[in-house]
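Structure assessment
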Amino acid sequence: MTDPRIHEAAAAAGLPPLFQLQARIAEVYRERCASAFQGYLDATLEAGRAWTEAVKPAAPAQALGDAVTYWTDFAQRSVLFWDTLRQRGNNWMAHEAAGKPPLLAFAWEMVADARRFARPVNYALVRVAAPPGVATDAEKRPYVIIDPRAGHGPGIGGFKPDSEVGMALRAGHPVYVVIFFPDPVPGQTLADVAQAEAAFLRLVRERHPTRGKPVIVGNCQGGWAAMLVGALDPDCAGPIVVNGAPMSYWAGNDAENPMRYAGGMLGGSWTALLASDLGGGVFDGAYLVDNFEYLNPANTWFGKSYNLFAKIDTEPPRYLDFERWWGGYFLMNREEIRWIVDNLFVGNRLAAGGAEWAEGQAFDLRAIRSPIILFASLGDNITPPQQAFNWVADLYPTTQDLKANGQVIVGLMHESIGHLGIFVSAGVARREHAQIVDLLDYIEHLPPGLYGMKVVEERVDGVVRYDAELREVQVEDLQTLQKYARKDEVPFAAVDRVSELNTAAYETVVHPLLAWIPPEVGAVSRALHPLRAQRWALSDLNPALAPLGPLADLVKGHRVRRDETGAWAATERWNAAGIMAGLDFYRQMRDAAVENLFYTVYGAMSVAVPRTEEAAVAAALSAEEAPALRDALGRIAEGGFTDAAVRAGLLVARRGRKERRLSHFKRIRALVGDDVGLLAMSADEAAQVVRRQSAIVEHAPESAMAALPALLRTAEERRRLLDILDRLSAELDLEPDQRAMIPLFRDLLGPSPEAVPAPEAAPVRRKAG
């Protein structure tokens with residue numbers, strides 16, 4: 001929570017744990033208040049300096065002309081601004097009348113409607129049509145994109161031509177999107193939804209019997225939905241891409257991630273149940289959108305509108321497109337939102353194996369055998385990197401445990417983009433998502449382990465090109481994302497206990513009194529929600545706005561633009577910067593007070609309860625205990641040419657650089673891909689070969705080398721492998737240690753009889769440590 005030296009000083013003074021905690025809480029609150037005030041002061045001074053530099057002495061006639069031009073422009077911008085809000089309201093009403101269809105930038109066709117399933121849910125599977133000039137390849141594995149059902153409607157993954165959908169289509173992959181309808185089917189549960197999504201996946205698998213299983217891409221809430229599908233049906237799930245998904249909701253850092261305290265400050269999940277009961281048994285997604293807007297009052301109350309006002313000649317199309325999606329509020333059943341809050345937002349049970357999809361049957365994320373790519377951003381305060389990555393350490397306490405389970409996990413971190421930018425930014429799509437699509441063609445050929453991925457930008461002949469760089473890291477390195485080694489997550493367990501008590505009391509006392517509220521009352525209350533009211537009130541439904549359209553047309557025909565370098569324009573920017581700084585100061589003080597209260601209340605509860613330090617969810621397996629490793633080492637002298645080629649490649653690679661470029665993988669595939677044999681196998685078979693040989697090379701490299709002749713039964717096979725190694729040595733920039741291995745292979749696999757009898761397995765000599 002703050003500088004650990006404060007805790008150490010309090011402990012040295014002999015203070016009880018509760019007082020040590022209070023000392024830390026008081027210190028962090030003081031520091032945050034001082035930081036907020038300093039930030040406000042710096043922002044206002046910077047705005048003042050910018051104004052001083054912009055405003056220059058001017059002749060009276062010039063000053064008068066600047067004032068006339070500015071105020072004329074101000075009046076015209078005001079008309080255009082309010083007319084844009086009127087258009088937003090009209091678009092909202094038209095979208096509502098159309099049933100709020102998915103806002104995809106691509107044509108699509110319905111493939112399966114889960115409202116007709118035996119256990120109906122308000123979900124459907126659609127196939128996206130490739131745009132003109134783009135063709136999909138029947139041999140390439142399909143993509144299934146799951147958008148978040150977190151207040152808004154579907155479409156965020158394909159909101160623009162440059163998007164997740166667009167990048168996958170351009171790479172030639174068939175693309176499907178899991179959409180959902182505004183109203184839930186009465187009685188549907190999250191378990192029903194997960195089962196329906198698993199059925200969609202099986203249907204896509206049947207339609208595209210390619211060598212690779214379907215890729216599942218999950219955005220935000222859709223990320224943990226994708227993980228649930230992978231756990232429910234691991235035999236049908238291909239690689240899983242999880243973008244900005246809160247898998248470990250308790251995680252985060254103080255002064256950075258205020259949303260994680262919401263459950264505690266509201267007293268647990270009972271408020272979601274209250275909102276559902278007042279809505280006639282239905283939870284309104286507008287409440288979730290309210291939570292998003294609460295995070296940044298400067299943008300919500302001023303910044304977004306001022307940006308539109310300041311750029312009124314160019315901004316309206318982008319603004320209206322986004323607002324059409326942002327204002328589409330979808331509903332959930334009472335039990336759906338309760339499962340989400342209890343198991344994720346408050347309970348944090350998913351990684352712990354406590355999130356049940358049926359009585360006594362929990363989702364087991366360790367059942368997932370497909371590779372996983374995690375994409376998060378340091379600039380995301382809704383799903384911070386800790387929430388996106390910490391579950392890995394919960395599920396696999398050590399690197400050895402992760403490898404023993406044959407799992408490949410790749411983590412990609414953006415430096416600054418916000419939560420929504422992960423999904424809607426065209427720049428992120430062209431840079432990060434395009435590299436993810438490329439990597440997915442090679443990910444089954446990666447040895448098990450945890451990898452950090454970085455997108456590298458290069459300029460070749462004036463053209464910007466991107467490449468992905470992978471570096472193997474340790475699960476233990478995930479602690480570097482934490483300030484306090486996750487000790488600040490301890491009070492959230494107290495929130496879970498308080499939530500259970502409050503929810504039990506609510507269900508016993510209050511819920512029976514509200515059960516009489518009919519759905520019609522809920523529909524009226526939703527229509528009057530402030531987020532909806534501000535849209536229909538500023539539309540053609542309001543007769544007072546009737547003159548705006550013709551007046552805006554008149555203004556566009558006689559537009560007068562201000563002088564951006566003039567004193568009045570500079571004053572406007574100064575005032576706007578001051579308002580933003582003031583609202584940011586309010587936000588920082590508010591968040592500091594909330595955080596202070598949270599740790600004061602729940603920290604005290606946690607001190608009173610004995611606990612263990614960072615209890616692991618799953619026990620780590622030692623190398624000797626892992627069944628897959630025992631099996632691999634027991635078959636060290638078994639296999640054929642492909643096993644031998646993969647083993648030789650891994651033996652060479654382990655002596656090379658830790659960083660490996662995706663372009664390097666592409667070059668290797670172009671040189672020898674068809675000769676090695678992995679491409680002729682199914683993706684699962686290829687991954688199994690790589691896992692087995694990787695385990696052998698990592699734990700018994702000397703024996704792995706010595707047993708190579710046993711895998712190559714003929715002189716022709718040995719010549720083929722040596723030829724592959726020679727080609728790679730000649731074409732690739734290998735390290736000296738790697739080049740030194742080529743003669744060793746030549747000595748080992750030199751001339752031999754046409755048929756080589758299979759020898760007994762070479763004795764296993766495991767590497768030290």
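For the structure itself, consult the block above.
Everything quoted here is computed from the prediction, not taken from an experiment. (Residues numbered from 1 in each chain as written. Predicted model: local features only at pLDDT ≥ 70, side-chain atom pairs only at ≥ 80, totals over all residues. Heavy atoms only, no water.)

Examining the overall build of the protein chain
Helices and strands together make up the secondary structure of the protein chain, namely 31 helices and 15 strands. A compact globule built from 769 residues should have a C-alpha radius of gyration of about 27 Å, and the protein chain, at 30 Å, falls within 12% of that. For the protein chain, the spread of C-alpha atoms along the three principal axes comes to 95 × 65 × 60 Å. Of the contacts made within the protein chain by residues no fewer than 6 positions apart, 81% connect residues no fewer than 24 positions apart. Accessible surface for the protein chain amounts to roughly 33,300 Å². Of this, 59% is attributable to carbon and sulfur atoms. If you average the places of the 80 positive and of the 95 negative side-chain charges in the protein chain, the two averages end up 2 Å apart. (Helix = DSSP H or I, 4+ residues; strand = E, 2+ residues; numbered from the N terminus. Rg over C-alpha atoms; globule rule 2.2 N^0.38 Å. Contact = heavy atoms within 4.5 Å. Areas by Shrake-Rupley, 256 points an atom, 1.4 Å probe, with all protein chains shown as cover. Lys, Arg positive; Asp, Glu negative; His and termini not counted. Charge placed at Lys NZ, Arg CZ, Asp CG, Glu CD.)

Observations concerning the sheet that holds strand E5 (residues 215–219)
With mixed pairing, the eleven strands of this open sheet are ordered in space as E1-E2-E4-E3-E5-E6-E11-E12-E13-E14-E15. Each edge of the sheet is formed by a strand with only one pairing partner; in this case those strands are strand E1 (108–113) and strand E15 (659–661). Strand-to-strand, the axes of this sheet are offset by a mean angle of 25 degrees, without reference to chain direction. Relative to strand E6 (residues 240–243), E5 runs parallel, the two being bridged by four bridges. Paired with Val217 across the strands is Val241, a residue of E6. (Pairing = 2+ DSSP bridges. Axes fitted to C-alpha atoms, helices over the stretch in contact; angles between N-to-C directions.)

Focus on the packing of aromatic side chains
According to the stated counting rule, one finds 32 aromatic pairs in the structure shown. Ring centres 5.9 Å apart and planes at 55 degrees place the aromatic pair Phe322 and Trp325 in the tilted group. Remark: Trp325 and Phe322 occur in helix H11 (residues 316–326); sequence separation between them is three residues, near one turn of the helix. Taken together through their ring pairs, the aromatic side chains of Tyr70, Trp71, Phe74, Phe81, Trp82, Phe309 and Trp568 make up a single cluster. One residue, Arg115, lies across the ring of Phe181, its end atom 3.5 Å from the ring centre. Just above the ring of Tyr294 sits the side chain of Arg590; from NZ or CZ to the centre is 3.9 Å. (Phe/Tyr/Trp six-rings, centres within 6.5 Å; stacked < 30°, edge-to-face > 60°. Lys NZ or Arg CZ within 6 Å of the ring centre and 35° of its normal.)

As for a nonpolar patch on the surface
The grouping of Phe37, Tyr40, Leu41 and Leu45 at the surface amounts to a nonpolar patch, some 340 Å² of accessible area in total. Looking at where Leu41 falls in the secondary structure, it is placed in helix H2 (residues 17–54). Residue Leu41 is classed as partly exposed on the basis of its relative accessible area of 32%. (Patch = residues over 30% accessible without salt bridge, like charges linked within 9 Å, V, L, I, M, F, W, Y side chains within 5 Å. Salt bridge = Lys/Arg side-chain N within 4 Å of Asp/Glu carboxyl O. Buried < 20%, exposed > 50% of the residue type's maximum accessible area, 1.4 Å probe, protein only.)

What about the packing of helix H29 (residues 715–731) against helix H31 (residues 741–748)?
It is the contact of H29 with H31, at a shortest axis distance of 10 Å, that shows an interaxial angle of 170 degrees. The pairing of H29 with H31 is recorded here as roughly antiparallel in orientation. Facing Arg718, Leu722, Leu725, Asp726 and Ser729 of H29, the residues of H31 in contact are Ile742, Phe745, Arg746 and Leu748. Per-class residue counts for the contact of H29 with H31 are five nonpolar, one polar and three charged. (Parallel < 35°, antiparallel > 145°, perpendicular 65-115°, else oblique. Nonpolar A, V, L, I, M, F, W, Y, C, P; charged D, E, K, R; others polar.)

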